[in-house]
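Residue-level listing of the chains:
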Amino acid sequence: MKSYRSHYSTEVTAKEYGKSVTVAGWVEDIRNIGSIAFLILRDKKGTLQLTLLKKHNQELFEQLVSLPRESVIAAQGTCKENAKVRNGYEILPEKAEILSIADTPLPLGIVDKVEAELDTRLDNRFIDLRKAEKQAFFSIRSTVIAAVHEYLKSQGFLEVHTPNIIASSSEGGTDVFKVQYFEKEAFLAQSPQLYKQMLMATGFDRVYEIAWYFRAEEHNTRRHLNESTAVDLEMAFITSEEDIMHILEGLVHHMWKKASECKEELETLHKKITVPTLPFKRVTYDDALKLLKKQSKITWGEDLGTEDEKLLGDIMKKQGHEFYFITKYPLEVKPFYTMPEGDKLSHGFDLECKGVELASGSQRIHDVELLKKRLTACNLNPKEFDSYLKAFQYGMPPHGGFGFGLERFFMELLDISNIRECILFPRDRTRLTP
Ligand code: AMO
């Protein structure tokens, strides 16, 4: 069977009934009842049944029924319509090739009724990912990311790739991973913030990146990763942060809509998706505090904690808003690059979904002197930001942007309780492998 590699597939349709087909995949299960055995073969399209009759070919029968589960085979045989089989047909193999024999026991079952602990699953992620639900999730993820490119390109954005090994912390905090860069100390980028802003001085006036965030945050929660992905965007010649929020809500809507069109995957996951209506509600920080007054101890100037966010999410939901922006944040809780509004407020915002922050953004400072002042006020040394600041000295238009966490988005989209499920190989406080 030399040619199976070019056309193997378990995507068998009624057109193939009565014909010889070649299929390949993982042996999910074998039921051997003596003279006849049923081998369930799986690939990314699903499963099919190979029906093995001992009397037809004893050697082939023995060879296949003795295989450990999850071995990989290719088989060639006649495809026969059979209403008793789940997908309406079976394959009666004439030839088979054993491509890989799986060890036993398996570290993790694929079709077990009770799911293993998350840690066991993540330790054996390559097997965990063989499950239909995981395949469905990552298929939706891929479709939604394609939708990001589609939407942002339609709005005139250019996709860029900025450095991940950088000389100064991008968000100004201490949550940075240090790396040895030959004789110098460098950091892994917490976000493309500094670079996407520098690009605003080039004439690429609308840029975006599907970015990696590296954050040395100590907390090990169900909503934090130490390596995560985000849609990071920056646009120039804006008049206020409203221009940015408009793009962000359009993007979220488009992503949600494209996800809702993944019918087969949603069925596998037993999920229904309702596309949100636009525009999303805008609530100022001041008004959010008024809404929270009775239930929270938060005082003016503090950032909303997880509990406050949740409470506000419940209040907003009762008012019919699953998505909403919190706008006009106090300056002191926003990063140094955020444009102030007066002495105390800023042009910074967050996008929340059901009490979870999905994105944050702002209009930025484009005046270099003000930027230096804000760096100092945030206890940062402008000297360490020299190459960034230089981009503001020779003509920098007003601009703004956002960072929009993709794993957080998928948690909310599909009601997934742990963010680690939303990325292939999660990195958290204790996990560095696989
Ligand atoms: P911020 O730090 O708020 O903003 O991050 C933006 C969004 O990224 C996601 N996110 C995370 N997701 C999982 N685990 C983490 N540890 C994590 N950290 C952040 C969240 C968050 O809303 N430079 C600014 C954005 C900008 O203004 O353009 C920034 O990084 O969904």
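Treat the numbers as computed from the prediction; the structure is a model and nothing was measured.

Asker: Help me understand the pattern of salt bridges, please; the structure alone is not making it clear to me.
Answerer: Close approach of charged atoms allows side chains with opposite charge to pair. Taken as a whole, this structure holds 33 salt bridges when the rule is applied. Taking the shortest distance from any N to any O, the salt bridge between Lys131 and Asp128 comes out at 2.9 Å. Per residue, the accessibility class of Lys131 equals that of Asp128, and both read buried. Note that Glu150 and Lys258 form a salt bridge whose closest N and O atoms lie 3.8 Å from each other. Taken together, the residues Glu150 in helix H5 (residues 132-154) and Lys258 in helix H7 (residues 241-260) connect sequence positions 108 residues apart. For Glu150, a relative accessible area of 43% gives the class partly exposed. Each of Glu115, Arg121, Arg125, Asp128, Lys131, Lys134 and Glu421 takes part in a single network of salt bridges with overlapping partners.

Asker: I tried to follow the nonpolar core on my own but got confused; where do I start?
Answerer: Soluble globular proteins tend to bury their nonpolar side chains together. In terms of nonpolar packing, the biggest core is built from 50 residues, with Leu152, Phe402 and Phe404 touching the most fellow members. Each residue touching Leu152, except ones within four places of it in the same chain, is listed here: Phe157, Tyr208, Val231, Leu233, Ile247 and Leu251. Formed by 21 residues, the second largest nonpolar core is a distinct cluster that contains Val12, Leu48, Leu52 and Ile73.

Asker: Honestly, the packing of H5 against H7 in this entry has me stumped. Any pointers?
Answerer: What describes two packed helices is the angle between their axes and the distance between those same axes. For the pair H5 and H7, interaxial distance at closest approach is 9 Å and the crossing angle is 140°. Considering their axes alone, H5 and H7 lie oblique with respect to each other. Of the two elements, H5 crosses H7, and the hand of that crossing is right-handed. Packed against H5, whose contacting residues are Ile140, Thr143, Val144, Ala147, Val148, Glu150, Tyr151 and Leu152, the element H7 presents Ile247, Gly250, Leu251, His254, Met255, Lys258 and Ala259 at the interface.

Definitions and limits used
Residues numbered from 1 in each chain as written. Predicted model: local features only at pLDDT ≥ 70, side-chain atom pairs only at ≥ 80, totals over all residues. Heavy atoms only, no water. Salt bridge = Lys/Arg side-chain N within 4 Å of Asp/Glu carboxyl O. Buried < 20%, exposed > 50% of the residue type's maximum accessible area, 1.4 Å probe, protein only. Helix = DSSP H or I, 4+ residues; strand = E, 2+ residues; numbered from the N terminus. Core = buried A, V, L, I, M, F, W, Y, C linked by side-chain atoms within 4.5 Å. Contact = heavy atoms within 4.5 Å. Axes fitted to C-alpha atoms, helices over the stretch in contact; angles between N-to-C directions. Parallel < 35°, antiparallel > 145°, perpendicular 65-115°, else oblique. Left-handed = near helix turned anticlockwise from the far one by under 90°.

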